[in-house]
Amino acid sequence: MDLHHVGCLTLDMEASLASYQVLMGEAFEASKVYDITDQKVKVCFVKMTDGVSLELVQPLEESSSLARLHRKKGVNFYHMGFKVAEIDAAIESLVQKEYRLINKFSSEAFGMKTCAFLYNPELHLIELIEQ
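This write-up is about the structure you can find in this document. Note on numbering: residues in each chain are counted from 1, in written sequence order. Reporting in this predicted model follows two pLDDT cut-offs: at least 70 for local features of residues, and 80 or more for side-chain atom pairs to be given and counted; totals over whole chains, interfaces and linings ignore these cut-offs and use all residues. Only heavy atoms go into the side-chain values, all of them from the structure, while hydrogens and water stay out.

## Considering the nonpolar core
Now for step 1: Here the nonpolar core consists of buried residues drawn from Ala, Val, Leu, Ile, Met, Phe, Trp, Tyr and Cys, with membership extended through side-chain atoms lying within 4.5 Å. Between buried and exposed lies partly exposed: a residue is buried under 20% and exposed over 50% of the maximum accessible area for its type, with that area taken using a 1.4 Å probe on protein chains only. Within the largest apolar cluster, 16 residues are counted, with the highest numbers of intra-cluster contacts made by Val43, Val57 and Ala109.
Now for step 2: Numbered from the N terminus, helices here are DSSP runs of H or I no shorter than four residues, and strands are runs of E no shorter than two. Elements supplying a minimum of two residues to this core: strand 2 (34-36), strand 3 (41-49), strand 7 (113-119) and strand 8 (125-130).
Now for step 3: If one sorts the elements of this core by residue count, strand 3 sits on top with three residues.
Now for step 4: Membership of the second largest hydrophobic core comes to 10 residues, among which are Val84, Ile87, Leu118 and Leu128.

Here is the structure:
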């Protein structure tokens, strides 16, 4: 399992990208912005170091649970994403270790590869991405 990204909520993708561009200067590198239709969000990956990115996640609906999480509770950083070779085996192994599967989906941000969200026993949100 390899760390791929840390997810960060934003209500304004362009403002967040501009902020990280100022912070990182010439080293700033970001992916295109992806619309993730199943999740009703748009995402963009800002490279932090080789192989590890900050995933900016903007909810597309004002009434979504992610928008409420950001507005009402002030939550910004909310999940970590890991690449795995065999996602079904990884899910099964984690579920046996008291992780709880939330959902499994295909993501436009990863070429329609299978992804899954799980809660660990401490209720931290973990995303698995099939390599």
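Still to come is the rest of the account.
## Some words on unusual backbone geometry
Now for step 1: Positive phi outside glycine occurs at Lys40, with the angle close to 55°.
Now for step 2: For Lys40, the position within the fold is in the loop between strand 2 and strand 3.
Now for step 3: Of note in the backbone geometry, Met112 takes a positive phi value of approximately 65° without being a glycine.

## Here we look at the pairing of strand 3
Now for step 1: Where strand 2 meets strand 3, three bridges bridge the pair, whose relative direction is antiparallel. What sits directly across from Asp35, in strand 3, is Lys42.
Now for step 2: Being paired, for any two strands, means DSSP has found at least two bridges between them. If you look at the hairpin formed by strand 2 and strand 3, you'll find four residues sitting between the two strands, and Lys40 has a positive phi there, around 55°.
Now for step 3: Pairing analysis gives eight bridges linking strand 3 to strand 4 (residues 52-59), with the strands arranged antiparallel. Bridged to Val43 within strand 4 is Val57.
Now for step 4: Counting the residues that bridge the hairpin from strand 3 to strand 4 gives two residues, and of these Gly51 lies at a positive phi of roughly 85°.

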